[in-house]
Amino acid sequence: MSVSLVVIRLELADQCDFPQGFQYCAEMSDEEMREKALASARVTLSGKTDLERATVLHQHLGSRVMSDMVIETFEPNAEGTEEVNGVVKSANDSNGDAKDQTDAGTTPDSPSKQLPDQISFFSGNPSVEIVHGIMHLYKTNKMTSLTEDVRRSAMLCVLTVPTTMTSHDLMKFVAPYNDVMEHMKIIRDSMPNQYMVLIKFRGQADADSFYTMCNGRQFNSIEDAVCQLVYVERAEVIKSEEGASLPVMDLIELPKCTVCLERMDESVNGVLTTLCNHSFHSQCLQRWEDATCPVCRYCQTPEPVEENKCFECGVQENLWICLICGHIGCGRYVSRHAYKHFEETQHTYAMQLTNHRVWDYAGDNYVHRLVACKTDGKMVQYECEGDTCQDEKIDALQLEYSYLLTSQLDSQRIYWENKILHLEKDTAEEINNMKAKFKETIEKCDSLERKLNELAKEKQSIEKKCSQLNNKVVKLSQELREEQEMNRCLRANQTQFQTQLLEEERRAHEATVSKEGQIAELQEQLRDVMFYLETQQQIDRMPADTRQEIQEGQINIAAAPAAPQPGPSAHGTGRLGGRRGRFKRGK
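First, a word on what this report is: a plain description of the structure on this page. This is a predicted model, so every value here is computed, not measured. (Residues numbered from 1 in each chain as written. Predicted model: local features only at pLDDT ≥ 70, side-chain atom pairs only at ≥ 80, totals over all residues. Heavy atoms only, no water.)

The next subject is the overall build of the protein chain. A tally of regular secondary structure across the protein chain gives twelve helices and 20 strands. Sorting the 587 residues of the protein chain into buried and exposed places 30% on the buried side. Contacts in the protein chain between residues far apart in sequence, at least 24 positions, make up 67% of those at least 6 positions apart. Entry remark: accessible area of the protein chain is about 39000 Å², with carbon and sulfur atoms responsible for 53%. (Helix = DSSP H or I, 4+ residues; strand = E, 2+ residues; numbered from the N terminus. Buried < 20%, exposed > 50% of the residue type's maximum accessible area, 1.4 Å probe, protein only. Contact = heavy atoms within 4.5 Å. Areas by Shrake-Rupley, 256 points an atom, 1.4 Å probe, with all protein chains shown as cover.)

A cluster of like negative charges, contributed by Glu-440, Glu-443, Asp-446 and Glu-449, occupies part of the molecular surface. In this fold, Asp-446 is placed in helix α10 (residues 386-541). (Patch = residues over 30% accessible without salt bridge, like charges linked within 9 Å, V, L, I, M, F, W, Y side chains within 5 Å. Salt bridge = Lys/Arg side-chain N within 4 Å of Asp/Glu carboxyl O. Lys, Arg positive; Asp, Glu negative; His and termini not counted. Charge placed at Lys NZ, Arg CZ, Asp CG, Glu CD.)

Below, the discussion takes up the pattern of salt bridges. Tallying each qualifying case throughout the model produces 13 salt bridges. Members of the salt-bridge network, linked through shared partners, are Glu-503, Glu-504, Arg-506, Arg-507 and Glu-510.

Before going further, it helps to examine helix α9 (residues 337-345). Those residues of α9 lying buried are His-337, Ala-338, His-341, Phe-342 and Thr-345. Down the axis of α9, the buried side of the element spans an arc of 150 degrees, and every buried residue falls inside it. Each element contacted by the buried residues of α9 is listed here: α3 (50-61), β14 (319-322) and β15 (328-330). Once α9 finishes, Gln-346 follows within two positions and takes phi at roughly 60 degrees, a positive value. (Arc of directions from axis to C-beta.)

This part covers the packing of aromatic side chains. Following the criterion strictly, the structure yields eight aromatic pairs and no others. Aromatic pair Tyr-211 and Tyr-231: ring centres 5.0 Å apart, planes at 35 degrees, arrangement tilted. In this pair, Tyr-211 sits in helix α7 (residues 204-214) while Tyr-231 sits in strand β10 (residues 229-239), placing the two residues 20 residues apart along the sequence. Relative to Tyr-361, the ring of Phe-342 lies with its centre 5.0 Å away and its plane at 15 degrees, an arrangement referred to as stacked. Placement of Phe-342 in helix α9 and of Tyr-361 in the loop between β17 (358-360) and β18 (365-366) is noted, with a sequence separation of 19 residues between them. A single burial state applies to Phe-342 and to Tyr-361, both of which are buried. An aromatic cluster is built from Tyr-177, Phe-201 and Phe-210, whose rings are joined through pairwise contacts. Lying over the aromatic face of Tyr-231, Arg-152 brings its terminal NZ or CZ to 5.5 Å of the ring centre. The positively charged end of Arg-188 is found above the aromatic ring belonging to Tyr-195, 4.7 Å away from the centroid. (Phe/Tyr/Trp six-rings, centres within 6.5 Å; stacked < 30°, edge-to-face > 60°. Lys NZ or Arg CZ within 6 Å of the ring centre and 35° of its normal.)

On to the sheet that holds β17, then. Strands sit in the order β15-β14-β16-β17-β18 across an open sheet of five strands; the sheet is antiparallel. A single partner strand is all that each edge strand has here, and the edge strands are β15 and β18. Here β14 pairs with strand β16 (residues 349-352) via three bridges, running antiparallel. The partner of Cys-322 across the bridge, within β16, is Ala-350. In the packing of α9 onto the sheet, the strands contacted are β14 and β15, and the crossing angle to β15 comes to about 125 degrees. (Pairing = 2+ DSSP bridges. Axes fitted to C-alpha atoms, helices over the stretch in contact; angles between N-to-C directions.)

So, about the pairing of strand β9 (residues 194-201). The element β9 is extensively covered by neighbouring structure, given that eight of its eight residues are classed as buried. Looking at chain direction, strand β8 (residues 181-188) and β9 are connected through six bridges and run antiparallel. Within the sheet, the bridge partner assigned to His-183 lies in β9 and is Lys-200. If you look at the hairpin formed by β8 and β9, you'll find five residues sitting between the two strands.

Over its twelve residues, α3 runs 16 Å from end to end, which matches the ideal 16 Å to within 8%, given 1.5 Å per residue. Turning to α3, its buried residues number three or more, namely Val-56, Leu-57, His-60 and Leu-61. For α3, the angular spread of the buried residues around the axis is 130 degrees, confining them to a single face. The exposed set on the far side of α3, more than 90 degrees from its buried face, consists of Leu-51 and His-58. For α3, the elements touching its buried residues are β1 (2-12), α2 (39-45), β6 (128-145) and α9. Positive phi appears at Gly-62, one or two residues downstream of α3, with a value of about 65 degrees. (Expected span 1.5 Å × (residues − 1).)

To continue, consider the environment of Arg-332. Relative to the helices and strands, Arg-332 is located in the loop between β15 and α9. Each C-alpha atom, one on Arg-332 and one on Trp-320, is 9.8 Å from the other, the two residues being twelve residues apart in sequence. Discounting chain neighbours no more than four positions away, the residues touching Arg-332 are Tyr-339, Trp-359, Tyr-361 and Asp-364.

So, on to a nonpolar patch on the surface. On the surface, a nonpolar cluster with roughly 460 Å² of combined accessible area is contributed by Leu-526, Val-529, Met-530, Tyr-532 and Leu-533. With respect to the helices, strands and loops of the structure, Leu-533 is situated in helix α10.

Relative to the helices and strands, His-347 resides in the loop between α9 and β16. Apart from residues no more than four positions distant in its own chain, His-347 is found in contact with His-60, Arg-64, Glu-253, Cys-322, Ile-324, Cys-325, His-341, Phe-342 and Tyr-361.

What follows concerns the state of the cysteines. This structure, assessed with the given rule, holds zero disulfides. Free of any disulfide, Cys-214 has its nearest cysteine sulfur in Cys-227, 5.9 Å distant. Cys-313 provides the cysteine sulfur closest to Cys-310, a residue in no disulfide bond, and the two sulfurs are 3.6 Å apart. (Disulfide = S-S within 2.5 Å.)

Without other data, these values stay purely geometric and don't point to any function.
Rendered as C-alpha cells:
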C-alpha cells in the first residue's frame, strides 16, 4: 500500500507567540526547514513596498479568517518522576537533596529565614497553549510503500477525531504505543465537532507499526468514525507577515469538507463548493435532507447568482470560484483571471459556478462529474443503470456537447473579433509611432553626419599635433639618455674624488700628529735651555764661597713615591734639582 506525505503549516498572527515543540522535520534541521519554507515567499515579497506586501498577502489569504486554536501536549513520563516548573525530578533526587542538606552539619534556620525573596508560579494548565492563526495542510508528490525500507517520517497526524472522544479516551486508544511515543499534541480549532492530533514516535519503525494497526480502525464500537492517519514530512510555524499563505514549491494545498473535515484532493470523488463558499463531499450532502447549507443554512439554487462577478474585471459570465480561499475569477476564454489566480497562489482547485464542476489546474482536467438533482436542487454524484439511462446519458452528453461547442464557438468568435480590433488599433498606433520615429531617425542621421565631418577635421588636427608631439618625445628621449650618461660619468668621478679626498685627509692627519710630536719635543728642549740659563744667572749673582760650596757639593735624587702624585711645587723642586745636577755635571 502506497502512502503520501503531508506538510502541516501553522500560520500565526503577527502578535502571537510560537507554540513550544510544534516544529518538526524528518530530513533537515530547523534552520534548513525554515529556509526551504520561506524561500518562495521571500522571492515573491522581495523588492516590494509595505503596501504591495500587504496586498499580496491579502490576495493569497482570500476569505479565510484566523481563529483561536488550543494546542494540548501530552508527554508520557516515566514512573516515579514529577515535573516542577518544567523540570522533571525523580523521588530519589529529592531524597538525595534532603540528605545532602542534613549531612551539611548545619542546623536549619527558622522558617522565616528559609523563605526566598521571590517565588515563581504559573496559572492554568502548563501543557495547554492558545494561539491565533490558520492551519494549512499541503500534499507532497512523494509516494512510498509501507513494504519498502525507505525514509518517511516518525510523526503521524490523525486528521479527524470526534469531540465525543475525550483526551482520556484518546490516551486509551493509543495506550499500547505509550512506550514508543515522545509526545502527542491535540489541536482544537474553531470547528466544534472534531479536532486534530499529532503523534511523534521515537523512530520510523514505531510510526509504521502504529499506521499499519490503527489506520482505518474505528475509535470505538459505538460510533462509525474511523482513525485516518497520514505521515507528516514536516510541521512548521510561520508568521503571517512572512508570507505563510503564499504558495510553497512542489506542494499542493488541499481544501477540507466542512461537514466531515476530511481533506479533499483529486482522489476524492464528489467534491462540491456551494455558493456560500462552503465545501463538502457528495456523501456528506446526501446525508443532509434539505437544500440549505449544513453550515450557514444558505439556500442553494442551481441557477447562477447574478451578484457574483469577477473580482478583477467585474464580468458575470463564465465564473470560477477557488475552493481554497473563495476567490472568484473569470474563465480562460474571457480574461483568464481564475487561471492567473492559480498561477499567483498555486491554489489548484476551482469550481465553475454555472454547473458546479471542479477543475484541477495541476492535472488540467475535471476532478469528478456532478449533476443537479431535479427534486431538491442538490448537487449529487450521477449514477444510473439500464439502456434507457444510457440513452439519456448519450442525449444529455450530445446536448451538452452541442451547447458547449456553440458557446465556445461564439466565445471564440467574439474573442478573435475583439482581438482583431485590438490588433488593428495597435497596428495603426504602431505605424504612426514608426513614422514619427523614422522622421526622428532621419534628423538624427543628418545631425550625426555633420558631427562626423567635424570630428574628421578634429581628427586631422589632432593627428598633426600627435606627430609633432611624437617628434618632441623622440628628441626629449635622446636628451634624456645623454643626461643619464653624463650623470653616470659624474657619479663615477664623484666616487673617485671622494676616495682621493679620504686618502689626503688620512695623510694630513698623520702629518699633523708627527708635527705635533716634534713641536712638543722642541718645547721641552726649549724649557730645559731656559732653565739652565736662569740657574746660571742665579749662581753668578751668589757670593764666591757659596759658588765654591755648590761646586764641591753633591745632589742626591730620591725615588718618587708610587701612590701620591707630586704637586706642582715638588715637581718644580725635583726638576730644579735634576737640572742643577746636570748643571754641575756639565760644569
